[in-house]
Amino acid sequence: MLALIPDSQRRTLDELVEKLDLSTGDRTSKRSAFWIMLTLSGIIAVSGVVADSTATVIGAMIVAPLSTPILGIGLGIVTARGKLILASVGYVLAGVVLVTALGVILSQLLPNPTNVLANSQVLGRTSPTLVDLLAALATGLVGAIAITRRDVGDVLPGVAIAISLVPPLGVVGVCLGSGAPSLALGAFVLFASNVIAMIITSVVVLTIGSYGREAAEQLAAETESAPPRRHRRAYVVLAVALIVVAIPMVLNSLSSLWSRQIATAADSWLQDAGTGSAEVTGVSWTGGTVTVSVLGPQQLPPVDDLQQTVDDLVPWDPEVVVVHTVGGRQAAE
């Protein structure tokens, strides 16, 4: 524990409560700052998504204040403060509605919103994989350590960029407003996984930092009663939520792996048939059908051969459809 949170740099429980509980201290200024910054970060994020601007999206990440109530949930769980948990959850849910609504509204102002669905900011946030969950857990761990230590607070902007809370919500709104609910669901899974990862890691770090024991000692001194029982149900909810968001991420990871394997198999299928100039330009999934796009001037080999290879790779034997685009070369006379 000393290596993780040295006593000389450890923030006290009162300091954490002051930072993470929006209902203590100067409540009016805390809440106004939260809503103003969240609204502006939402506008910046949605604008960056629509314009496909990575720099603009990063700006939204830095100023987004959503990590405050999320870490507040973790603090409430560790210190058995039900009011803090409920209040923080309320702020997170209200923030989800606000940023999503901003995305929907802005998407309605676009002349051709379906074009937005093909940009990198959207595509990069609608198919999260287990790698994203692993990154979220690591980043959440850094954020939790940073909030408990006075000497590493400067890393929080980097944590904000890595954890990516507001941009996925902007993508959710843009996708909903553009008539693509499946893409919106994928972006929401990314957001939810980041939230759950941050809560879990904050609970771990705050527990290691003995904040639960400190809260129990404070309560015992104030009321001269036994400390309350921990919110065990909260741990169960977190475990179930982690499993729920992990399922689509596992499926996306497997889909990505199988797509690469099928692309490699399709290349071999073309080469074995002597169609050297033909090439695989893409592999996509639609339900139980895998579509392989091929560009080449030659007659393609029998698709049954590729179907057999795919059946050996994928457990549920998807139907293979080959989209053949005939190409050719023409030299100037």
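Model, not experiment: these values are computed from the prediction.

K.L.:
Can you help me understand the side chain of Asn119 in this one?
P.N.:
Inspection of the secondary structure puts Asn119 in the loop between helix 5 (82–108) and helix 6 (120–123). Residue Asn119 is classed as buried on the basis of its relative accessible area, which comes to 7%. At 3.0 Å, the side chain of Asn119 forms a polar contact with the backbone nitrogen of Val122. Each residue touching Asn119, except ones within four places of it in the same chain, is listed here: Val49, Val50 and Asp52.

K.L.:
Any chance you could explain the pattern of salt bridges here in plain terms?
P.N.:
Opposite charge on two side chains allows them to pair when their charged atoms are near. For the coordinates displayed, the defined rule picks out four salt bridges. Measuring nitrogen to oxygen at the nearest pair gives 2.7 Å for the salt bridge that ties Glu214 to Arg10. Of this pair, Glu214 sits in helix 11 (residues 211–223) while Arg10 is found in the segment before helix 1 (13–20), placing the two residues 204 residues apart along the sequence. In this pair, the class of Glu214 matches that of Arg10, namely buried. The salt bridge partner of Glu15 is Arg150, with a shortest N-O separation of 2.8 Å. Residue Glu15 is found in helix 1, and its partner Arg150 is found in the loop between helix 7 (130–148) and helix 8 (156–163); the two are separated by 135 residues along the sequence. Classification of Glu15 as partly exposed rests on a relative accessible area of 28%.

K.L.:
Which parts of the structure should I look at to understand the environment of Ile43?
P.N.:
Note that Ile43 resides in helix 2 (residues 27–51). Given the relative accessible area of 42%, Ile43 is considered partly exposed. Taking the C-alpha atoms as reference points, Ile43 and Gly90, 47 residues apart in sequence, are found 21 Å from one another.

K.L.:
Sorry if this is basic, but what is going on with unusual backbone geometry here?
P.N.:
For residues other than glycine, phi is negative in most cases, and the peptide bonds are mostly trans. With phi around 60°, Ala80 is a residue other than glycine that occupies positive phi space. Residue position: Ala80 is located in the loop between helix 4 (67–79) and helix 5. Phi is positive for Asp317, which is not a glycine, with a value near 50°. Inspection of the secondary structure assignment puts Asp317 in the loop between helix 13 (303–313) and strand 3 (319–325). Overall, Asp317 belongs to the partly exposed group, its relative accessible area being 45%.

Conventions adopted
Residues numbered from 1 in each chain as written. Predicted model: local features only at pLDDT ≥ 70, side-chain atom pairs only at ≥ 80, totals over all residues. Heavy atoms only, no water. Helix = DSSP H or I, 4+ residues; strand = E, 2+ residues; numbered from the N terminus. Buried < 20%, exposed > 50% of the residue type's maximum accessible area, 1.4 Å probe, protein only. Polar contact = N/O pair within 3.5 Å; in protein donor to acceptor, adjacent residues only side chain to side chain. Contact = heavy atoms within 4.5 Å. Salt bridge = Lys/Arg side-chain N within 4 Å of Asp/Glu carboxyl O.

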